[in-house]
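# Notes for the structure review
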Amino acid sequence: MGGRLEGKVALVTGGAAGIGEGTVRRFVAEGARCMVVDLDEERGRTLADDLGSAAAFARADVTVEEDVASAVDRTVAELGRLDCMFNNAGILGAVGPIVGTSVEAWDTTLAVLLRSVFLGIKHAARVMIPQGSGTILSTASTAGVRAGLGPHAYTAAKHGVVGLTGSVAPELGRHGIRVNCIAPGGTVTAMTAYAAAGDPTATDAAYARIGSRSPLGRPGHVDDIAAAALFLASDDAAYVSGACLVVDAASEVHGAMVSRWFEADSELVGPFGSPPAPAGAG
Ligand SMILES: NC(=O)c1ccc[n+]([C@@H]2O[C@H](COP(=O)([O-])OP(=O)(O)OC[C@H]3O[C@@H](n4cnc5c(N)ncnc54)[C@H](O)[C@@H]3O)[C@@H](O)[C@H]2O)c1
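So, how was this worked out
Residues numbered from 1 in each chain as written. Predicted model: local features only at pLDDT ≥ 70, side-chain atom pairs only at ≥ 80, totals over all residues. Buried ≥ 20, exposed ≤ 12 C-beta atoms within 10 Å, placed from the backbone. Helix = DSSP H or I, 4+ residues; strand = E, 2+ residues; numbered from the N terminus. Pairing = 2+ DSSP bridges. Near = placed C-beta within 6 Å. Nonpolar A, V, L, I, M, F, W, Y, C, P; charged D, E, K, R; others polar. Domains from an automatic or database assignment. Contact = placed C-beta atoms within 7 Å. pLDDT = per-residue confidence, 0-100.

### Things to note about the pairing of strand E5 (residues 134–139)
Within E5, 6 of the 6 residues are buried, which leaves the element mostly enclosed by the surrounding structure. Residues of E5 alternate between two faces, with Gly134, Ile136 and Ser138 on one and Thr135, Leu137 and Thr139 on the opposite face, all of them buried. As defined by bridge partners, strand E4 (residues 84–87) adjoins E5 across 4 bridges and the pair is classed as parallel. Following the sheet pairing, Met85 is matched in E5 by Ile136. Summarising the sheet, E5 and strand E6 (residues 177–184) pair through 6 bridges and their orientation is parallel. The residue bridging Ile136 from the neighbouring strand is Val179, located in E6.

Next comes the structure, spelled out in structure tokens:
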């Protein structure tokens with residue numbers, strides 16, 4: 001791999017597993033040093049140990065402001081600076097009908113998926129503004145771009161991530177900081193294994209379910225999302241800010257349910273469709 005992040009320092013929340021772990025590994029392969037931030041101490045420490053001096057681990061709950069602030073401060077103290085903040089930690093959260101959704105489950109879901117992004121942007125900006133540079137990424141979702149692709153609270157929170165990204169980008173742009181988000185479609189991780197089969201280790205079930213709906217004939221992998229994060233974190237994206245990069249192989253935002261209405265071989269005719277061929281034509 002190349003050195004597209006040579007000399008850079010990144011903090012990745014939810015960095016111990018799934019998309020976060022894949023991104024930490026890719027960033028390190030591209031020359032960055034990473035602070036792995038997660039609630040899962042065992043996995044996070046194992047990953048950091050595996051990567052040697054290129055990584056360190058900080059346990060933090062991304063819903064707690066003091067935890068996020070201290071993870072950012074530790075990154076600057078131990079790794080020297082903060083060039084890229086990746087707000088990625090997440091859970092599926094509350095599922096089921098709106099009438100059965102409790103306020104507690106709603107609030108917990110919104111805290112993990114949206115308050116965390118607010119806190120991550122706020123505290124990254126605190127150290128990046130004096131630096132005059134930096135990139136902030138957050139993991140939204142296709143469920144943050146279109147309704148109907150996730151549970152209600154998840155959908156609301158991820159729409160919030162896309163909105164907050166666009167809202168903050170012009171303000172921080174004046175300080176040389178770019179702010180973007182990524183909207184992955186179904187990606188094979190513990191989260192989708194759980195959604196597909198009620199078992200976070202059932203990645204085969206996630207693979208089959210997501211892959212069967214993808215126009216590219218395979219599901220999304222963490223490396224696909226890590227590659228998008230690398231692009232947005234690197235100087236290749238020097239003029240990209242406020243964006244939401246959809247990474248779904250056209251299977252969700254521009255496919256799936258939409259294509260059911262207008263299949264390529266549909267034969268709609270009449271006042272709202274193609275006019276019928278004139279009698280005797282052909
Ligand atoms: N997998 C997908 O198909 C998919 C699609 C769209 C968006 N996403 C988003 O991608 C992100 C990563 O998801 P994933 O699929 O890699 O899931 P994952 O379960 O593999 O990893 C999530 C990580 O976040 C950590 N985490 C959870 N709550 C935390 C908290 N309060 N504080 C600190 N760490 C916490 C977990 O310990 C875990 O290591 C999430 O924001 C998710 O919503 C995933």
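### Here's the deal with the site of the ligand
Residues in contact with the ligand amount to 28 residues; listed here are only the nearest, Gly14, Ala17, Gly18, Gly90 and Thr189. The set of elements that each furnish at least two residues to the shell around the ligand consists of helix H1 (18–29) and helix H6 (190–197). Broken down by class, the residue content of the shell around the ligand amounts to 12 nonpolar, 13 polar and 3 charged. Per-domain counts for the shell around the ligand show at least three residues from each of domain 1 (9–185 + 220–248) and domain 2 (189–218).

### Some details on the environment of Ala206
Counting through the fold element by element, Ala206 comes out in helix H7 (residues 203–212). The spatial distance from the C-alpha of Ala206 to the C-alpha of Met191 is 9.0 Å, given a sequence separation of 15 residues. The contacts of Ala206, once residues within four sequence positions are left out, are Val188, Thr192, Ala193, Ala196 and Pro219.

### With respect to the confidence of the model for the protein chain
Across the protein chain, the average pLDDT comes to 92, with 90% of residues at or above 70. Of the regions scoring below 50 in pLDDT, residues 257–261 engages in 1 contact with residues more than four places distant in sequence or in other chains.

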